[in-house]
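# Inside the fold
Here's the letter readout for the chains.
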Amino acid sequence: MTVKGVLFDFSGTLFGIEATADWLRAVLQEAGVPLPDAEFERLASALERAGALPGGAHPTSVPDRLAGVWAQRDRSAAQHRAAYTGLSREVTLPDPRLHDALYERHMQPAAWRPYADAAEVLAGLRERGIRIAVISNIGWDLRPVFRAHGLDPYIDAYTLSYEHEIQKPDPRLFARACEELGVDPADALMVGDDRRADAGAAALGCAVHFVDHLPVDRRPDALRPVLGLVERS
C-alpha cells in the first residue's frame with residue numbers, strides 16, 4: 001500500500017472541545033447570568049452527565065424520547081441541534097434560552113483547540129505530497145474552526161455528514177471523501193478516535209489508525225505516528 005491520502009476525523013482527533021465547565025461559564029458570562037459557585041458546579045456536572053456538549057462526554061443515558069433523533073443526529077443540522085439541545089434540556093438552567101446559547105457556543109472557533117501536534121503532522125503530510133481530507137459526523141460547518149486556527153490551508157476536502165445526509169460508519173461517506181481527494185480507498189489512511197464510526201473506512205479497503213479521545217492538554221503527540229505510517233507505506 002502506498003498512502004496517497006489521509007482522512008482525519010475532527011473532534012477528538014485533530015481538535016478538542018473545551019471542558020464542560022468552560023463551555024457553561026462562557027455562555028453564562030455572555031448572557032450576564034451570575035451563579036453561586038456551588039450551583040455552577042452542580043449544573044456543569046449535570047450537563048456533563050447528560051452529554052449535552054457535542055464533542056464532549058457521551059451521555060450516561062439517552063432519554064427514550066430522544067433515542068430516535070440521537071441515533072441519526074449527524075444526518076442533518078436540524079437533527080444535530082435537536083439531539084443536543086434535547087439533552088441539555090434534561091438539566092434545568094436559570095433561563096431556558098441558555099440551552100440554545102450553549103449549542104451556539106460549541107460551534108464557535110473559540111470553543112475548540114487543535115491538538116499540539118496537529119499543525120506539525122498536517123504540514124508534514126503536505127510536504128510529502130499527501131492529500132488530506134477531514135471527514136466528520138457533525139451537524140454544522142466546521143470550516144471556520146480550521147480557518148480561525150490556521151489549519152485550513154492544509155485541507156484539500158471537507159466531507160461532513162450533515163451535508164451528505166450520511167453518517168459514519170456508513171462506507172459511503174468515506175467513499176465520498178476519497179472521491180473528493182481523487183484517491184483510491186486502497187491508497188487512503190483513516191485517522192480517528194471512534195473505534196466504531198471511523199472503522200467503517202476499512203470496509204472500503206482503507207487502512208485505519210486510531211488515537212485516543214483525550215483533552216488537548218493530555219495528548220501532546222498522538223498524531224505524530226501518522227507520519228511514520230505514511231513513510232513506511
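Anything mentioned here points back to the structure above.
Structure report, in brief. Because the structure is predicted, anything quoted here is derived from the model rather than measured. (Residues numbered from 1 in each chain as written. Predicted model: local features only at pLDDT ≥ 70, side-chain atom pairs only at ≥ 80, totals over all residues. Heavy atoms only, no water.)

## Considerations on the overall build of the protein
The helix and strand inventory of the protein stands at 10 helices and seven strands. Expected size for 233 residues packed as a compact globule is a radius of gyration near 17 Å; at 18 Å, the protein falls within 12% of this value. Each of the three principal axes of the protein carries a C-alpha extent, and together these read 55 × 35 × 25 Å. Sequence separation of at least 24 residues holds for 67% of the intrachain contacts in the protein that already meet a minimum separation of 6. (Helix = DSSP H or I, 4+ residues; strand = E, 2+ residues; numbered from the N terminus. Rg over C-alpha atoms; globule rule 2.2 N^0.38 Å. Contact = heavy atoms within 4.5 Å.)

## A few points about the pairing of strand E5 (residues 157–160)
Of the two faces of E5, the one holding Ala157 and Thr159 and the one holding Tyr158 and Leu160 are both buried throughout. Sheet topology note: the strand E4 (residues 131–136)/E5 ladder contains four bridges and is parallel. Counterpart to Ala133 in the pairing with E5 is Ala157. A crossover connection joins E4 to the parallel E5 through helix H7 (residues 143–148); in handedness this β-α-β unit is right-handed. (Buried < 20%, exposed > 50% of the residue type's maximum accessible area, 1.4 Å probe, protein only. Pairing = 2+ DSSP bridges. Right-handed = clockwise from strand over helix to strand, strands pointing away.)

## Regarding the sheet that holds strand E1 (residues 5–8)
Judged by pairing direction, the sheet is parallel, and its five strands sit side by side in the order E5-E4-E1-E6-E7 without closing on themselves. Where the open sheet ends on each side, the last strands, each with one partner, are E5 and strand E7 (207–210). With strand direction ignored, the average angle separating the axes of adjacent strands in the sheet is 20 degrees. Strand direction decides the pairing type here: E1 and strand E6 (residues 188–192), joined by four bridges, are parallel. For Phe8, the partnering residue across the bridge sits in E6 and is Val191. (Axes fitted to C-alpha atoms, helices over the stretch in contact; angles between N-to-C directions.)

## Concerning the nonpolar core
Within the largest apolar cluster, 57 residues are counted, with the highest numbers of intra-cluster contacts made by Val6, Phe8, Phe10, Leu125 and Phe146. Ranked by residue count, the leading element in this core is helix H2 (residues 37–50), at six residues. Not counting chain neighbours up to four residues away, the residues in contact with Phe146 comprise Phe10, Leu14, Phe15, Val134, Leu151, Asp152, Ile155 and Tyr158. Ranked by size, the runner-up nonpolar core spans 15 residues in total, among them Phe174, Leu181, Val183 and Cys206. (Core = buried A, V, L, I, M, F, W, Y, C linked by side-chain atoms within 4.5 Å.)

## Some remarks on helix H6 (residues 118–127)
Among the residues of H6, those classed as buried are Ala118, Val121, Leu122, Ala123, Gly124 and Leu125. Among the structural elements, E1, strand E3 (112–114), E4 and helix H10 (225–232) are those in contact with the buried residues of H6. Looking one or two residues beyond H6, the residue adopting positive phi is Gly129, at roughly 80 degrees.

Everything listed is a geometric property; what it means functionally is a separate question.
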